[in-house]
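# Descriptive structure summary
Each chain, letter by letter, is given below.
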Amino acid sequence: MIQKISDYANKNDCWKNEFMQGITFSKGYNLLLEAEKMIFNDENISSVNIIRNSTLNTQNLLSKIEIHNKGLNDIRTFMNFYLEDDESLLSRN
């Protein structure tokens, strides 16, 4: 957006022209640059990276838990199959 405003204002030589309720292209451009500096500072980028890494770690952990649960369910199913067979054999005797 910042680059588009700059390109347009340079191409049409309209930096001093208003484009929105008293805001000139120059003023709008400078406001966007200030906002960009405030938002994309080192601290915020670091926080985003921490959250991103934490989210990836959480997703990996959840994936491992799901795999582990599936394995436990498989074991439970097989054990139930064999235990039911043993119980039926015992009840026959």
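All values derive from a computational prediction rather than experimental measurement. (Residues numbered from 1 in each chain as written. Predicted model: local features only at pLDDT ≥ 70, side-chain atom pairs only at ≥ 80, totals over all residues. Heavy atoms only, no water.)

## Notes on the pattern of salt bridges
What the rule picks out here adds up to 1 salt bridge. The salt bridge involving Asp74 is made with Lys70; its shortest N-O contact spans 3.2 Å. Placement of the pair is Asp74 and Lys70 together in helix H3 (residues 42-92), with a separation of 4 residues, close to one helical turn. Residue classification places Asp74 among the partly exposed residues on the basis of a relative accessible area of 34%. By relative accessible area, which is 53% here, Lys70 ends up exposed. (Salt bridge = Lys/Arg side-chain N within 4 Å of Asp/Glu carboxyl O. Helix = DSSP H or I, 4+ residues; strand = E, 2+ residues; numbered from the N terminus. Buried < 20%, exposed > 50% of the residue type's maximum accessible area, 1.4 Å probe, protein only.)

## Structural notes on a nonpolar patch on the surface
A contiguous nonpolar surface patch, about 440 Å² in accessible area, is contributed by Met38, Ile39, Phe40 and Ile45. Along the chain, Ile39 turns up in helix H2 (residues 25-39). (Patch = residues over 30% accessible without salt bridge, like charges linked within 9 Å, V, L, I, M, F, W, Y side chains within 5 Å. Areas by Shrake-Rupley, 256 points an atom, 1.4 Å probe, with all protein chains shown as cover.)

Note that every value here comes from positions in space, so none of it alone points to a role or purpose.
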